[in-house]
Amino acid sequence: MKDKEIYVVGHKNPDCDSIVAAIAYAHLKQKLGVHAVARAQGCPPAETQFLLKKYHFEAPPLLLKGSCTLAEIDKDEALCISGDTVIHDALEYVLARKNKGLFIVDEKGQLKGVVSMSDLSRVWLKPANELEQLVSTIRLEHVLHVLKGHYFHQTSDFKTNGKVFVQPSLSDNAKELKEAIVIVRNTPESQRFAIESGASLLVVCGEDWLDDVTLELAKKHNTSILHCHKTVLEVSRLIYQVPSVSTIAQKEVMCFKESEGVEEVSKKMAKTRFRTYPVLDQKGKVVAAISRYHLFNYHKKELILVDHNEKTQAVDDIHLARVIEIVDHHRIAGFISPEPIRITCRIIGSTATIIYYFYKDEHVKISRNMAGLLLGGVINDTMCLKSPTTTKEDEVAVQELEKLAGITALELYQEMMNATSDLTSKENVAIMYDDFKEFRFGDFKVGIGQQPCRTIEEFESVKDRFEPYVKNIMSQQKFDLILFLFTDPLGLGSYIMAVGPKKEETLKAFLGSQESCFAAGIISRKKQVVPMVSKVLE
């Protein structure tokens, strides 16, 4: 089994710091021999896309759920056969691999049925009429394949009623042998009796010869004759393994898609008694086999959370994953772990700053491109070091990263801001979710979003259409308050918009008695807005 991937993932509606931290920390882990990969819970905003392109990094693939799908857990190899495979071969195949079932597929790999070890081994226990029906479907080439003999005479229009007789007596009722399969030793009298009685197939055991009279008689009565070196007893057992598996297969089969979740599959599987189930890809092709064992013993996704720790900002179904580490610079709110984990939560302006110091602590060289990426993450989250969250450690990190990246923080920050779209050109959904976080304050569900906004005209141009949209979101998703900061990129302050029952108290807390909606100096959601909202809701 290959090493399981560890997913380094940021928060919902990722900002630049979240994306940069995931990429940079996954890269550091890889350098330290850990199989870590970066993931994101959404598409990067415009300035982050610019930063990734400038420094030649790909946007992380999406990871939206902590739960595992069948595609993400260990499974058994799918043992697939065609419906034409004889029971004898299927039995040997499944015994050799100690598997519990075979999947019957067509030439495109599409599922046509399932045959289990039980289905194969219970053939001999079927009632006589069912056995006859089964044997009536056999073909001469399959008889030859199973018995390993050769034909003295092979008819082109073989047909049998499925009845099997072993060494019949000359006194037996000849009518019983019509269209039957007759197993005899090399005794001409018994052979001719069976042929003249209308047997469709004669299987001769013993010496490998046939007299001319018997051969001509077989041609006259259209009877096929096969010789093999097996005993009569062996042939009488093997003849029932000649039918193809399609004749005994279960056609109504419970199967699962790779995209289905483990929990969902477990519930469905609990209602059935099969031992193994086929797993299909998106095109319906059988790609694996799964059993209860796999669902009881699978490895949960292992996550490293960066730039967040609250459940509301984490991947869905986080309780079904295993969080092994957190790297953050926000408040700790409601996170519970069933086992000890590594948590790095520092009073600092950016998670990218923390990751930078991790590189230094591990003495891992930072490339020019990685330095540029980390620098962009730090200055974006600290508004080029103007945010009140900025610390001396952020300033030192920026100075050192500027040298490594060969660019000043101000120059890079200006490039990133120029890459952002004007608010007026953004759809409401983009304004809403580009940088939006959900918080819990006791029983209150609060959403706080932030967007760069250069002028009052830009804010006024979107406010009238955006506010009704936010009210609709609040009603649909049962928020108690949604607050938006339209923040000046130079860090002068933010235009405040609030929706919800606590709107007036919230606006008063930020704006006081002024008529203007611009809150001077309010630019940090983490250090300024969240504590103030918490106080309003007390």
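Residues numbered from 1 in each chain as written. Predicted model: local features only at pLDDT ≥ 70, side-chain atom pairs only at ≥ 80, totals over all residues. Heavy atoms only, no water.

Novice: It is not clear to me how the sheet that holds strand S5 (residues 111-116) should be interpreted in this structure. Could you clarify?
Specialist: The strands making up a sheet are joined through hydrogen bonds of the backbone, oriented either antiparallel or parallel. One open sheet holds the 3 strands; their spatial order is S3-S4-S5, and the pairing between them is mixed. Lying at the two open borders of the sheet, with one neighbouring strand each, are strand S3 (80-81) and S5. Where strand S4 (residues 101-105) meets S5, 5 bridges bridge the pair, whose relative direction is antiparallel. Across the sheet, the residue bridging to Val105 is Leu111, located in S5. Helix-sheet contacts for helix H3 (residues 87-96) involve S3 and S4, and the interaxial angle to S4 is about 130°. (Pairing = 2+ DSSP bridges. Helix = DSSP H or I, 4+ residues; strand = E, 2+ residues; numbered from the N terminus. Contact = heavy atoms within 4.5 Å. Axes fitted to C-alpha atoms, helices over the stretch in contact; angles between N-to-C directions.)

Novice: Looking at this structure, I do not really get helix H19 (residues 525-537). What am I missing?
Specialist: Of all the residues in H19, the buried ones are Arg525, Gln528, Val529, Val530, Val533, Val536 and Leu537. Packing partners of the buried residues in H19 comprise strand S17 (436-441), strand S18 (444-452), strand S19 (481-487) and helix H18 (503-511). Put simply, Ser524 is the residue that caps the front of H19, since its side-chain oxygen is 3.5 Å from the backbone nitrogen of Lys526. (Buried < 20%, exposed > 50% of the residue type's maximum accessible area, 1.4 Å probe, protein only. Polar contact = N/O pair within 3.5 Å; in protein donor to acceptor, adjacent residues only side chain to side chain.)

Novice: Explain the side chain of Gln450 here, please?
Specialist: Considering the arrangement of structural elements, one finds Gln450 in strand S18. On the basis of relative accessible area, Gln450 is assigned to the buried category, the value being 13%. In terms of polar contacts, Gln450 uses its side chain to reach the backbone carbonyl oxygen of Ile523, at 2.9 Å. Each residue touching Gln450, except ones within four places of it in the same chain, is listed here: Asp435, Phe484, Leu485, Thr487, Ile523 and Arg525.

Novice: When you look at the nonpolar core in this model, what are you seeing that I'm missing?
Specialist: Counting residues in hydrophobic clusters, the biggest one holds 51 residues, and the most contacted among them are Tyr25, Ile355 and Leu374. In contact with Tyr25, other than residues within four places in its own chain, are Val8, Ile304, Val306, Glu325, Val327, Arg342, Ile355 and Phe358. Formed by 39 residues, the second largest nonpolar core is a distinct cluster that contains Val146, Leu226, Val245 and Ile248. (Core = buried A, V, L, I, M, F, W, Y, C linked by side-chain atoms within 4.5 Å.)

Novice: I'm lost on the domain arrangement of the chain in this one. Help?
Specialist: Many descriptions give the size of an interface as the accessible area lost when the pieces come together. With domains assigned, the chain is organised as domain 1 (6-67 + 306-417), domain 2 (76-123 + 247-296), domain 3 (138-242) and domain 4 (423-537). Spacing between the C-alpha centres of domain 1 and domain 3 amounts to 78 Å. (Domains from an automatic or database assignment.)

Novice: Got a minute to help me understand the pattern of salt bridges in this structure?
Specialist: Once the charged atoms of two side chains with opposite charge are near each other, the side chains can pair. Inspection of the entire model under this criterion finds 23 salt bridges. Two residues, Glu260 and Lys268, come together in a salt bridge whose shortest N-O distance is 2.9 Å. Of the residues examined, Lys268 reaches a relative accessible area of 34% and is grouped as partly exposed. Two residues, Glu302 and Arg322, come together in a salt bridge whose shortest N-O distance is 2.5 Å. One end of the pair, Glu302, is in strand S14 (residues 302-306); the other, Arg322, is in strand S15 (residues 322-328), and 20 residues separate them in sequence. (Salt bridge = Lys/Arg side-chain N within 4 Å of Asp/Glu carboxyl O.)

Novice: What is the right way to read the packing of helix H1 (residues 16-31) against helix H2 (residues 46-54) from this model?
Specialist: The angle between the axes and the distance between the axes are what describe a pair of packed helices. As a packed pair, H1 and H2 sit with axes 9 Å apart at the nearest point and diverge in direction by 30°. Counted together, Cys16, Ile19, Val20 and Ile23 of H1 and Thr48, Leu51 and Leu52 of H2 form the full contact between these two elements. By residue class, the composition of the contact of H1 with H2 is 6 nonpolar, 1 polar and no charged. (Nonpolar A, V, L, I, M, F, W, Y, C, P; charged D, E, K, R; others polar.)

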